[in-house]
Amino acid sequence: MAGARGLSRRWSEQLAAAPDVQRAAEQWRDWLKSERRVAAHTLSAYGRDLQQFFAFLATHLGEAPDLVALGALGAGELRAWLAEAHARGLVAASRARALSSVRSFTRFLAKRGLAEITLGVRAPRLHRPPPRALARADALQLVDTAAASDWTGARD
């Protein structure tokens, strides 16, 4: 367990954030692992998202953000971060996940009374392709199977 904690501490120290935010991020990550039991890949992705968010904020604000600075964030900063992620080539699904990561972190902060952050930003639209049609042979097999079953198959 100590090895996993050491790895987590190094992760939070990589955040371009003040020590109070690093401690809160460490608590959030521990909470995700132990209470929410998120998958390892999800935990890794959420961690990268938070690192990129804080790197952007450090540049945008001119200093590593602390909890007070996070509490003062507005929708404009989040929109600027999402626009920068789009310019880096991050696809809509990845930007939506990144926003979800930040929202999870800010909700965690609010529940713990560490910072009150209102994120009035919608996630990017995800364009889903229309469903694909069945191949002719598959459609005919489906009809034959339904017809061969009881009355519900004939109905369907």
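Everything below is about the structure shown above.
Figured I'd write up the structure that's included with this text. (Residues numbered from 1 in each chain as written. Predicted model: local features only at pLDDT ≥ 70, side-chain atom pairs only at ≥ 80, totals over all residues. Heavy atoms only, no water.)

## Things to note about a positive patch on the surface
Inference 1: Among the surface-exposed residues, R36, R107, K111 and R112 lie close enough to one another that they form a single positively charged patch.
Inference 2: On the secondary structure map, R36 appears in helix α2 (residues 19-36). (Patch = residues over 30% accessible without salt bridge, like charges linked within 9 Å, V, L, I, M, F, W, Y side chains within 5 Å. Areas by Shrake-Rupley, 256 points an atom, 1.4 Å probe, with all protein chains shown as cover. Salt bridge = Lys/Arg side-chain N within 4 Å of Asp/Glu carboxyl O. Lys, Arg positive; Asp, Glu negative; His and termini not counted. Charge placed at Lys NZ, Arg CZ, Asp CG, Glu CD. Helix = DSSP H or I, 4+ residues; strand = E, 2+ residues; numbered from the N terminus.)

## A short note on the pattern of salt bridges
Inference 1: As enumerated under the stated definition, the model contains two salt bridges in all.
Inference 2: For R97, the salt bridge is made with D49, and the minimal N-O distance between the two is 2.8 Å. One end of the pair, R97, is in helix α6 (residues 92-111); the other, D49, is in helix α3 (residues 40-61), and 48 residues separate them in sequence.
Inference 3: A relative accessible area of 29% means that R97 is categorised as partly exposed.
Inference 4: Using a relative accessible area of 1% as the deciding quantity, one classes D49 as buried.
Inference 5: Notably, a salt bridge pairs E84 with R88, separated by 2.7 Å at the nearest N-O pair. (Buried < 20%, exposed > 50% of the residue type's maximum accessible area, 1.4 Å probe, protein only.)

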